[in-house]
Amino acid sequence: MQLSNKVKSVKPSSTIALTAKSAEYKAQGLDVVAFAAGEPDFDTPDHIKEAAILAINQGKTKYTPAAGTMDIRKAVCDKLEKDNGLKYLPEQIVVSNGAKQALVNAFLAIINEGDEVIIPGPFWLSYAEMVKIAGGVPVVINTRKEDSFVVDPKDIEDAITPKTKAIIFNTPSNPTGMIYTEEAIRAIADIAVKHDIFVISDEIYEKLIYVKDKKHVSIASLGPEIYDRTIVVNGVSKSFSMTGWRIGYTASNLTIAKLISSAQSHMTSGPCSISQAAAVAALTGPQDCVEEMRKAFEKRMEYIYERVNAMDGLSCLKPEGAFYLFVDVSGVYGKKYNGKPITSAAEFAAYLLEDKLVVAVPCADFAAPDYLRFSYAVSIDTIKKGMDRIEAFLGKLE
Ligand SMILES: Cc1ncc(COP(=O)(O)O)c(C=O)c1O
C-alpha cells in the first residue's frame, strides 16, 4: 500500500536519535559524556512546580480553550509588551505543545503546496522538515563564518522567487550561538515588506545572551507592516528549564491566529492544562531564576570555548547566546583514527563516540557538514571530563 510521500520525505530528528543513543549507553552502565541535548540541565524552579501542583489540587484538569486559557494568553501578551515592546490581544496568541508545535502551526497556516520558505543555514534541523510537513519547499541559503553566520540581505533577495512565501530565522541561533544585530533584522524586515512575504521569528533563546552590548530585538517590533507579516514563536522550554512541560506559543495577526487556533483545535486541542498553569507562574512570577541560569550558562560557555579553541584542528566563534558551541572540525580532515581517514564531521563524531564515549552532534542536517554542535547545558564537571577526552582523542590521531 502506498504511504504518504509527504511524510515519507521527512527525515527523523538526528539530535533526538543521538540523545536516545546516549541514554541507551548510559542505561548499559557506560560512562557517556553527552553534549547532544538542547535541554537545560536545571530543575524547573520551585514556584513553577508549585503552581502546577496547585492547579491539580484545584481541579484544573480539564480541556482548555484550543488556543490556551485566557490566563496564559494574557500572561504572554504582558510578557511580549514588557520584554519586546509588542502589543498583542489575547486573541492573537495561540499556546501550543512546545515551540515545536507552534512552528508547525505557523507553517501550516501560511503554506500552500509548493510554496517556498527561505531558511538561512546553518539552521535548526527541524525547520526544513516542518516546511515539508506543511507541503512547502525549504530553500536553504548559506551564511558565512566571517559574517558571524548572520544572513546577508543580498542572499535573501537572490533566493526570492514568485513562490517564496516566508523566511524563517532564529536569534540567538541554534546551532551557531550567534545573535542578529538590529541592523541585520531591519534589513530582513525591509525585504519581507518589499516582497510581501511572511517572517517566522523563532525567539526561543532570547533570554540567553552573553554579550553586554547585544540586545534581543523582535523583528515584529520594527513597524506596523512587519508586525502584520510576522509570526513570533517563543516558549518557556529554554528560559525556564521547562522542556518537558511542552508549552510554546505564536503571536501573529488575528487572521493567522484564528487559522492556527482552528487547526490546533482538531489536532491536539489546547496543551496540557497543568502545564499552562505552570507557564503562567513562569511568565508572571519572579524572573531571577532566568538570570541565575543564564549566568551559569555563561560560565560554562567561557570554559568550553577556551578549551575547544585551544585544541589543534578545532575552531569556533565565541558564542553570544543560546547554549551551543558550534565547532569547525575541518582542521582534522586527513588525519587518521585507527588507520581510517577522517573526512567529515559525522565521521569525527562517530569515532569520538566509539573511542571516548563523547557525544556531539554532527551538523550535516543543519546545513553545516564540517561542524559539530556541543550543547553546554551540562555541568562544568561534565564539560571538563568531555574536553579532557576530546584532547586525548585528538592526541592519538595519526
Ligand atoms: C531553535 C529552536 N526552536 C524551537 C525549539 C523547540 O522548543 P520546544 O521544546 O518548546 O518545542 C528548539 C528546541 O530545541 C530550538 O532549538
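Residues numbered from 1 in each chain as written. Predicted model: local features only at pLDDT ≥ 70, side-chain atom pairs only at ≥ 80, totals over all residues. Heavy atoms only, no water.

Chemist: I keep staring at empty space enclosed by the protein and nothing clicks. Help me out?
Modeler: The gaps left among the atoms become clear once a water-sized probe is rolled over them. With the rule as written, the count across this model stands at three cavities of 30 Å³ or more. Taken as a whole, the largest cavity holds about 100 Å³ of empty space. Along its surface, the largest cavity is lined by 16 residues, and Pro-120, Pro-122, Asn-170, Ser-173 and Tyr-180 are the ones closest to its centre. Looking at the lining of the largest cavity, the elements with two or more residues in it are β3 (116-121) and β5 (164-170). Quantified by volume, the second largest cavity comes out at close to 80 Å³. (1 Å grid on protein atoms, 1.4 Å probe; cavity = no way out; pocket = protein on both sides within 12 Å on 5 of 7 lines; lining within 4 Å. Points joined across faces, edges and corners; volume = space filled by probe spheres on them. Helix = DSSP H or I, 4+ residues; strand = E, 2+ residues; numbered from the N terminus.)

Chemist: Just to check I follow, could you spell out the domain arrangement of the protein chain for this structure?
Modeler: For the protein chain, the domain assignment lists domain 1 (5-43 + 289-396) and domain 2 (46-284). Here the C-alpha centroids of domain 1 and domain 2 sit 26 Å apart. Contacts between the two partners involve 38 residues from domain 1, matched on the other side by 40 residues from domain 2. Surface buried jointly by domain 1 and domain 2 totals about 3300 Å² across both partners, of which 61% is contributed by carbon and sulfur atoms. Area buried by domain 1 at its contact with domain 2 is led by Leu-317, Glu-320 and Phe-366, which between them contribute 21% of it. Linking domain 1 with domain 2 are three salt bridges, by the criterion used here. Put simply, Lys-49 and Asp-43 hold a salt bridge, and the shortest N to O gap is 2.7 Å. Where domain 1 touches domain 2, the interface holds 19 residue pairs in polar contact (both at pLDDT 80 or more). Of all the secondary-structure elements, those providing two or more residues to the side of domain 1 that touches domain 2 are α2 (14-27), α12 (288-309), β10 (324-328) and β15 (371-375). (Domains from an automatic or database assignment. Contact = heavy atoms within 4.5 Å. Buried area = accessible area lost by both parts, 1.4 Å probe. Salt bridge = Lys/Arg side-chain N within 4 Å of Asp/Glu carboxyl O. Polar contact = N/O pair within 3.5 Å; in protein donor to acceptor, adjacent residues only side chain to side chain.)

Chemist: Could you clarify how one ought to interpret the pairing of β3 in this entry?
Modeler: Walk down a regular strand and you will see the side chains alternate between the two sheet faces. Among the six residues that make up β3, six are buried, leaving the element largely enclosed by the rest of the structure. The alternating pattern of β3 places Glu-116, Ile-118 and Pro-120 and Val-117, Ile-119 and Gly-121 on opposite faces, both of which are buried. The sheet contact formed by β3 and strand β4 (residues 137-142) spans six bridges and is parallel. The residue bridging Glu-116 from the neighbouring strand is Val-137, located in β4. At this point the chain moves from β3, through helix α6 (residues 126-133), to the parallel β4, and the crossover so formed is right-handed. Bridge analysis of β3 against β5 gives three bridges, and the strand direction is parallel. The partner of Val-117 across the bridge, within β5, is Ala-166. (Buried < 20%, exposed > 50% of the residue type's maximum accessible area, 1.4 Å probe, protein only. Pairing = 2+ DSSP bridges. Right-handed = clockwise from strand over helix to strand, strands pointing away.)

Chemist: Explanation requested: the packing of α12 against helix α14 (residues 380-396) in the structure shown.
Modeler: Between two packed helices, both the angle of their axes relative to each other and the distance between the axes serve to describe the pair. One can describe the packing of α12 onto α14 by two numbers: an axis separation of 10 Å at closest approach and a directional angle of 10°. Considering their axes alone, α12 and α14 lie roughly parallel with respect to each other. For the pair α12 and α14, the contacting residues are Lys-299, Arg-300, Tyr-303, Ile-304, Arg-307 and Val-308 in the first and Ile-380, Ile-383, Lys-384, Met-387, Asp-388 and Glu-391 in the second. Split by residue class, the contact of α12 with α14 holds six nonpolar, no polar and six charged. (Axes fitted to C-alpha atoms, helices over the stretch in contact; angles between N-to-C directions. Parallel < 35°, antiparallel > 145°, perpendicular 65-115°, else oblique. Nonpolar A, V, L, I, M, F, W, Y, C, P; charged D, E, K, R; others polar.)

Chemist: Sorry if this is basic, but what is going on with the sheet that holds β5 here?
Modeler: Backbone hydrogen bonds are what pair the strands of a sheet, in a parallel or an antiparallel way. As summarised here, the arrangement of the seven strands in space is β2-β8-β7-β6-β5-β3-β4, forming an open sheet in which the pairing is mixed. Single-partner strands in this sheet number two, and they are β2 (93-96) and β4. Across the sheet, the mean angle separating the axes of adjacent strands is 20° when strand polarity is ignored. As judged from the four bridges shared by β2 and strand β8 (residues 248-251), these two strands associate in the antiparallel manner. What sits directly across from Val-94, in β8, is Thr-250. Packed on one face of the sheet, helix α10 (residues 254-267) meets β2, β6 (198-202), β7 (230-235) and β8 and runs near 30° to β2.

Chemist: Teacher, can you tell me more about the environment of Asn-309 here?
Modeler: Among the secondary structure elements, Asn-309 is positioned in helix α12. Here Asn-309 falls in the partly exposed class, since its relative accessible area comes to 31%. It is 31 Å that separates the C-alpha atoms of Asn-309 and Asp-288, two residues lying 21 residues apart in sequence. When residues no more than four places from it in sequence are discounted, the contact partners of Asn-309 are Leu-314, Ser-315 and Cys-316.

Chemist: Is there a simple way to think about the packing of aromatic side chains in this case?
Modeler: Here the distance between the centres and the angle between the planes together describe a pair of aromatic rings. Using the criterion set out here, one finds 15 aromatic pairs in the structure. Centre to centre, the rings of Trp-124 and Tyr-127 are 5.5 Å apart; their planes meet at 85°, and the pair counts as edge-to-face. On the basis of relative accessible area, Tyr-127 is assigned to the buried category, the value being 2%. With a centroid separation of 5.5 Å and an interplanar angle of 85°, the aromatic rings of Phe-348 and Phe-393 are classed as edge-to-face. In this pair, Phe-348 is assigned in helix α13 (residues 345-356) and Phe-393 in helix α14, connecting sequence segments 45 residues apart. In this pair, the class of Phe-348 matches that of Phe-393, namely buried. Taken together, the aromatic side chains of Phe-42, Tyr-205, Phe-297, Phe-323 and Tyr-324 make up a single cluster linked through ring pairs. (Phe/Tyr/Trp six-rings, centres within 6.5 Å; stacked < 30°, edge-to-face > 60°.)

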